[in-house]
Amino acid sequence: MSTKKSKWTPALIARTAAAWGIALLLFFPLIFMGFTAFKTELQAIAVPSLWAFEPTLENFHVVNERSDYVQFAWNSVVTSVVSTVLGLLIAAPAAYSMAFSPTKGTNGLLLWMLSTKFMPAVGALLPIYVIFQQLGLLDTKTALVIIFTMMNLPIMVWMLYTYFKDIPHEILEAARMDGASVWQEFRHVLLPLGIGGLASTGLLCLVLAWNEAFWALNLGAADAGTLATMMVSYSSPEGLFWAKLSAASLMAIAPIVVIGWFSQKQLVQGLTFGAVK
Amino acid sequence: MPRLLLSPAVITLLIWMVVPLALTIYFSSIFYNLMQPDSTGFAGWMNYEFMITNPAFSDAIINTLVLLASTVAITVIGGLAIALLINETFPGRGIVRLLLISPFFVMPTVNALLWKHMMMNPIYGVLAQVWTFFGLTPINWLQDLPLFSVIIMISWQWLPFACLILMTSLQSMDREQLEAAEMDGANYWQKFRYMYLPHLARPISVVIMIEVIFLLSVFAEIFTTTNGGPGTQSTNLAYLIFNEALQAFDIGVASAGAVFAIILANIVAIFLIRIIGKNLEK
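No experiment lies behind these values; they were computed from the predicted model shown. (Residues numbered from 1 in each chain as written. Chains lettered and ligands numbered in written order. Predicted model: local features only at pLDDT ≥ 70, side-chain atom pairs only at ≥ 80, totals over all residues. Heavy atoms only, no water.)

Student: Looking at this model, I keep getting lost on the overall build of chain B. Mind explaining?
Tutor: Of regular secondary structure, chain B possesses 13 helices and 0 strands. Reading the secondary structure of chain B in the N-to-C direction produces α-α-α-α-α-α-α-α-α-α-α-α-α. Principal axes of the C-alpha set define a box for chain B whose edges measure 80 × 65 × 30 Å. Relative to its 282 residues, chain B shows a buried fraction of 56%. Residue pairs at least 24 apart in sequence account for 70% of intrachain contacts in chain B once pairs closer than 6 positions are excluded. For chain B, the exposed surface amounts to about 12400 Å²; the carbon and sulfur share of it is 67%. Within chain B, the 15 negative side-chain charges are centred at a point lying 12 Å from the centre of the 11 positive side-chain charges. (Helix = DSSP H or I, 4+ residues; strand = E, 2+ residues; numbered from the N terminus. Buried < 20%, exposed > 50% of the residue type's maximum accessible area, 1.4 Å probe, protein only. Contact = heavy atoms within 4.5 Å. Areas by Shrake-Rupley, 256 points an atom, 1.4 Å probe, with all protein chains shown as cover. Lys, Arg positive; Asp, Glu negative; His and termini not counted. Charge placed at Lys NZ, Arg CZ, Asp CG, Glu CD.)

Put into structure tokens, the structure is as follows:
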């Protein structure tokens, strides 16, 4: 048991090969997309597929000009960042209160919050659409920020609650004994201890908002469209377009996949509402 | 003080839940068609009748359930197999984990377009090339197997999710117990049956429930690839409601459909909340 240095037993070789094989197979579509983004349109549809070619950045320029990438990307950044920050501002006090001064109703309240997540989006689409139309909010970033905040709020409260619960109460009590005000308690005790939890909650919700497609497609069209909406303009073939499609896709997913890699551990806690640790 | 801290979250969530729900039920009971502004008033069960008798409705329900059941089966069984495979260490395990989880972070519209064009195109697509390589006739995926194609796309996205959750749960297993079982000569099947599976029962049920909630309202993948077609072959409930509301402009009928979707989701949610509620007690 103590021999940490693994020898290349047949079992280990088989496991390594199988694991790498499966991982590369599942990752393959993204590899293919990555390669295609740097091909010319003619090279992109070559059969059999080319794997050695002179890379070009042409597609990225075209995508940038044709579909106003910067505008869509800006909308994505604004809606996901603002909704995440806003969500944290609402969720953190609630999670703090439930974790440090729980009452009889706390568990019930937590479960009720979870239950709001199960209102299917289509069930809410029509009223929201009509309300936003009346308020003149259709196709605005404000509308998407509101939706994304509400969509992620239960997840945020739950994640922060599980993080805050792990902070030992004694530390807070000691601070109070020493006469710390609520603000000082928050600033010097809770924030430093809870910053990891806040960061990972934020990261996960950033990913969820960035990738949200249902509301973005239905509520944001021209002005407030996010990158998820931009991609739809690439759904119908216009001549040869694979290379441009790939370039646009790469530009739409690259930032968030990287953030996703960093928040993968939190994903488990967040999306299962703490039921799996 | 606690109330003051709680109230922003509670109030906003309450509004977010109650207002759309009440309005959806209200819309479903009145005549509300954007193309026929003259017809107004109480509709009774008319919208529901119209929705149910629409032949697309039963197709949509069946498609929704088929999509759900197949995706859950594929992702849970596949995710379980992969999680067990990479539970023990091997060179490059960290990188393999990152590769495996990546599809989950790909936005649905990119996922759909990537598969529709580059993987599933019947002439140039990667799958067509594989089929040709093995001397088979390439499949016209989106035309001939529209629902199955959508299932592939969605499974590609959710397999990493199932895998990651089960993997995390396996890490928390009691190593000593496993080693003791090995000492006692338990074979892999026995370990799987009597140790891994009982340990994974709860995470598996959580994975299933979470997936069900998300998969009941799959939309973007269908919207960007098949548009529900050909015919209604890949129309699910979410897409049908969207179609009724924003293509046929009949808010009343669409709302009746939405009420069905809410009922369906709530049946599932009750089970999930029970499982998670039990966890809270501990």
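Student: What is the right way to look at the overall build of chain A in this model?
Tutor: The number of helices and strands found in chain A is 12 helices and 0 strands. Sequence-ordered secondary structure for chain A, helices as α and strands as β, is α-α-α-α-α-α-α-α-α-α-α-α. The globule rule puts the C-alpha radius of gyration for 277 residues at 19 Å, and the 23 Å found for chain A is more than 25% above it. Projecting the C-alpha coordinates of chain A onto the three principal axes gives extents of approximately 70 × 70 × 35 Å. Within chain A, the proportion of its 277 residues that are buried is 56%. (Rg over C-alpha atoms; globule rule 2.2 N^0.38 Å.)

Student: Hey, could you run me through the interface of chain A and chain B in this one?
Tutor: Interface size is often expressed as the accessible area that is lost when the parts come together. On the chain B side, the residues contacting the 97 residues of chain A number 94 residues. Contact between chain A and chain B buries roughly 8500 Å² in total, counting both sides, with carbon and sulfur atoms accounting for 82%. Among the residues chain A hides against chain B, the three largest losses belong to L26, F118 and L126 of chain A. Together they make up 8% of the total. Our count for the chain A to chain B interface comes out at 0 salt bridges. Sorting elements by how many residues they give to the side of chain A that touches chain B places helix α1 (residues 10–36) of chain A first, with 17 residues. In terms of residue class, the side of chain A that touches chain B is built from 75 nonpolar, 18 polar and 4 charged. (Buried area = accessible area lost by both parts, 1.4 Å probe. Salt bridge = Lys/Arg side-chain N within 4 Å of Asp/Glu carboxyl O. Nonpolar A, V, L, I, M, F, W, Y, C, P; charged D, E, K, R; others polar.)

Student: Is there a simple way to think about the nonpolar core in this case?
Tutor: For soluble globular proteins, the rule of thumb is that nonpolar side chains tend to be buried together. Core analysis: the biggest nonpolar cluster contains 198 residues, and W215, L227 and M231 of chain A together with M107 and F161 of chain B have the highest contact counts within it. Considering every element that reaches this core, the biggest residue donor is helix α8 (residues 146–171) of chain B, with 17 residues. When residues of this core are sorted by domain, at least three fall in each of domain 1 (10–60) and domain 2 (67–233) of chain A. Once residues lying within four places of it in the same chain are set aside, the contact partners of M231 of chain A are L245, A248, S249 and A252 of chain A together with M107, T109, V110 and L113 of chain B. (Core = buried A, V, L, I, M, F, W, Y, C linked by side-chain atoms within 4.5 Å. Domains from an automatic or database assignment.)

Student: What's the story with the environment of L114 of chain B in this structure? I'm lost.
Tutor: As for its placement among the helices and strands, L114 of chain B is situated in helix α5 (residues 108–119). For L114 of chain B, a relative accessible area of 0% gives the class buried. In this structure the C-alpha to C-alpha distance between L114 of chain B and M153 of chain B, which are 39 residues apart in sequence, comes to 9.2 Å. The residues contacting L114 of chain B, other than those within four sequence positions of it, are P29, L30 and M33 of chain A together with M119 and W156 of chain B.

Student: How do you make sense of the packing of helix α4 (residues 69–100) of chain A against helix α8 (residues 169–177) of chain A when you look at a structure like this?
Tutor: Between two packed helices, both the angle of their axes relative to each other and the distance between the axes serve to describe the pair. Residue and element names in this part refer to chain A. The interhelical angle for the contact between α4 and α8, taken along N-to-C directions, is 95°, at an axis separation of 11 Å. In terms of axis orientation, α4 runs roughly perpendicular to α8. Two secondary-structure elements touch here, α4 through Y96, A99 and F100 and α8 through H169, L172 and R176. Considering only residue class, the contact of α4 with α8 consists of 4 nonpolar, 1 polar and 1 charged. (Axes fitted to C-alpha atoms, helices over the stretch in contact; angles between N-to-C directions. Parallel < 35°, antiparallel > 145°, perpendicular 65-115°, else oblique.)

Student: Any chance you could explain helix α6 (residues 126–133) of chain B here in plain terms?
Tutor: Note that an α-helix has 3.6 residues per turn; residues three or four places apart therefore point the same way. All of the buried residues along α6 of chain B are V126, L127, A128 and Q129 of chain B. Packing partners of the buried residues in α6 of chain B comprise α1 of chain A together with α5 and α7 (141–144) of chain B. At the C-terminal side of α6 of chain B, G135 of chain B shows a positive phi close to 75°.

Student: It is not clear to me how the domain arrangement of chain A should be interpreted in this structure. Could you clarify?
Tutor: With domains assigned, chain A is organised as domain 1 (10–60) and domain 2 (67–233). On a C-alpha basis, the centroid separation for the pair domain 1 of chain A and domain 2 of chain A is 36 Å.

Student: Please clarify how the pattern of salt bridges should be interpreted in this entry.
Tutor: Side chains carrying opposite charge are able to pair once their charged atoms draw close together. Residue and element names in this part refer to chain A. Overall, the coordinates contain 3 salt bridges over all chains when judged by the stated rule. Note that K244 is salt-bridged to E41, the shortest N-O span being 3.0 Å. Separated by 203 residues along the polypeptide, K244 in helix α12 (residues 242–271) and E41 in helix α2 (residues 41–44) bring together distant segments of the chain. Residues K244 and E41 agree in their burial class; the two are buried. A salt bridge links E185 to R176, with the shortest nitrogen-to-oxygen separation between them at 3.1 Å. Since its relative accessible area comes to 43%, R176 is described here as partly exposed.

Student: Would you mind showing me how to read a nonpolar patch on the surface here?
Tutor: Residue and element names in this part refer to chain A. Judged by side-chain polarity, W74, V77, V81, V85 and L89 come together as a nonpolar surface patch covering roughly 460 Å² of accessible area. Here V85 lies in helix α4. Given a relative accessible area of 44%, V85 falls into the partly exposed group. (Patch = residues over 30% accessible without salt bridge, like charges linked within 9 Å, V, L, I, M, F, W, Y side chains within 5 Å.)

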